[in-house]
There are 2 protein chains.
Amino acid sequence: MTGDDHPWKSDWTVGLRVWAERAGRTILGKGRLELLEGIDRWHSISEAARQMGMSYRRAWLLVQSVNEAAGAALVEAATGGSHGGGARLTPLGRQALDVFRELQDELHGTAAAVLQRLV
Amino acid sequence: MTGDDHPWKSDWTVGLRVWAERAGRTILGKGRLELLEGIDRWHSISEAARQMGMSYRRAWLLVQSVNEAAGAALVEAATGGSHGGGARLTPLGRQALDVFRELQDELHGTAAAVLQRLV
């Protein structure tokens, strides 16, 4: 290694993607996490979708996909009204979200620490 | 949380993808790492490609992409012969590989530790 070569150049960055899956199907990832956080906040799939600039239909399908992939409901949607009668996270849903957020935070922390230490 | 709800179900797994990039272009990821490890081992792009079941053309293009994205050569390919006259990692290339492998290992370790602790 010559004097000007550093093992990790200052303009290199690390990309990181983390997701939870079951039997090859995605349960949670960045977008699904954001949607579920919105549902937890607004108690409404349509409002959570609107805040993300996502169509209600797409958000509704994502929620179905989350629940089906998880093998247990993370979101409970009440029926009724044109856009449903509200929605909320199940206890399992909220706890899964907490674990996933912690996982994301720790992974980003690890990546930063490794680069700090090695570079 | 009811007795049967666990925050992270035993059949849920965590997926993790990590890559190095510069200005939005991928330098290293899982496949590129494997290719560069092969080049380091065989001192030949064509042999490294063959071991991965990858065409020589695709491997050669990947090497160009690695070097261009990095903004500095990680692989040096000698010219000559039908498939070139051998190739090797530069000192920067070997060190970048070491850092990246360490990063991957620590991230997988962190993911396992978080799930162990929280679940």
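Definitions and cut-offs
Residues numbered from 1 in each chain as written. Chains lettered and ligands numbered in written order. Predicted model: local features only at pLDDT ≥ 70, side-chain atom pairs only at ≥ 80, totals over all residues. Heavy atoms only, no water. Helix = DSSP H or I, 4+ residues; strand = E, 2+ residues; numbered from the N terminus. Buried < 20%, exposed > 50% of the residue type's maximum accessible area, 1.4 Å probe, protein only. Polar contact = N/O pair within 3.5 Å; in protein donor to acceptor, adjacent residues only side chain to side chain. Least-squares fit on C-alpha atoms with pLDDT ≥ 70 in both. Contact = heavy atoms within 4.5 Å. Buried area = accessible area lost by both parts, 1.4 Å probe. Salt bridge = Lys/Arg side-chain N within 4 Å of Asp/Glu carboxyl O.

Visitor: What exactly am I supposed to notice about the side chain of Thr90 of chain A here?
Guide: Residue and element names in this part refer to chain A. Following the sequence through the fold, Thr90 ends up in the loop between strand 4 (87-89) and helix 4 (91-118). Exposure remark for Thr90: the relative accessible area of 7% places this residue in the buried category. Within the local environment of Thr90, its side chain forms a polar contact with the backbone oxygen of Ala73, the two atoms lying 2.8 Å apart.

Visitor: Is there a simple way to think about the relation of the copies chain A and chain B in this case?
Guide: Two copies of the chain are present, and they differ by a rotation about an axis and a shift along that axis. Rotating chain A by 180 degrees about the axis while translating it 0.0 Å along that axis superimposes it on chain B, leaving an RMSD of 0.0 Å. The transformation relating the two chain copies, once decomposed into turn and shift, fits a two-fold axis. Of the C-alpha atoms belonging to chain A, the one lying closest to the rotation axis is found on Arg17 of chain A, 2.5 Å away. Looking at the interface residues of chain A, 100% of them are also at the interface in chain B, so both copies use one shared face.

Visitor: Where do I start with the environment of Arg50 of chain B in this structure?
Guide: Residue and element names in this part refer to chain B. Of note, Arg50 is situated in helix 2 (residues 45-52). Taking relative accessible area as the criterion, Arg50 reaches 61% and is therefore assigned exposed. Separated by 10 residues in sequence, Arg50 and Asp40 have C-alpha atoms that sit 14 Å apart.

Visitor: Can you walk me through the interface of chain A and chain B in this structure?
Guide: For an interface, size is often stated in terms of accessible area lost upon the parts coming together. Contacts between chain A and chain B engage 39 residues on the former and 39 residues on the latter. For the pair chain A and chain B, the summed buried area comes to about 3,500 Å², and 70% of that belongs to carbon and sulfur atoms. A per-residue breakdown of the area chain A buries against chain B is headed by Trp12, Leu92 and Val99 of chain A, which together make up 17% of the total. At the junction of chain A and chain B, the tally comes to six salt bridges. Among the salt bridges present, the one from Arg117 of chain A reaches Glu102 of chain B, with a minimum N-O distance of 2.8 Å. For the pair chain A and chain B, the number of links is 12 residue pairs in polar contact (both at pLDDT 80 or more).

Remember that the coordinates give geometry; whether it matters functionally is a separate question.
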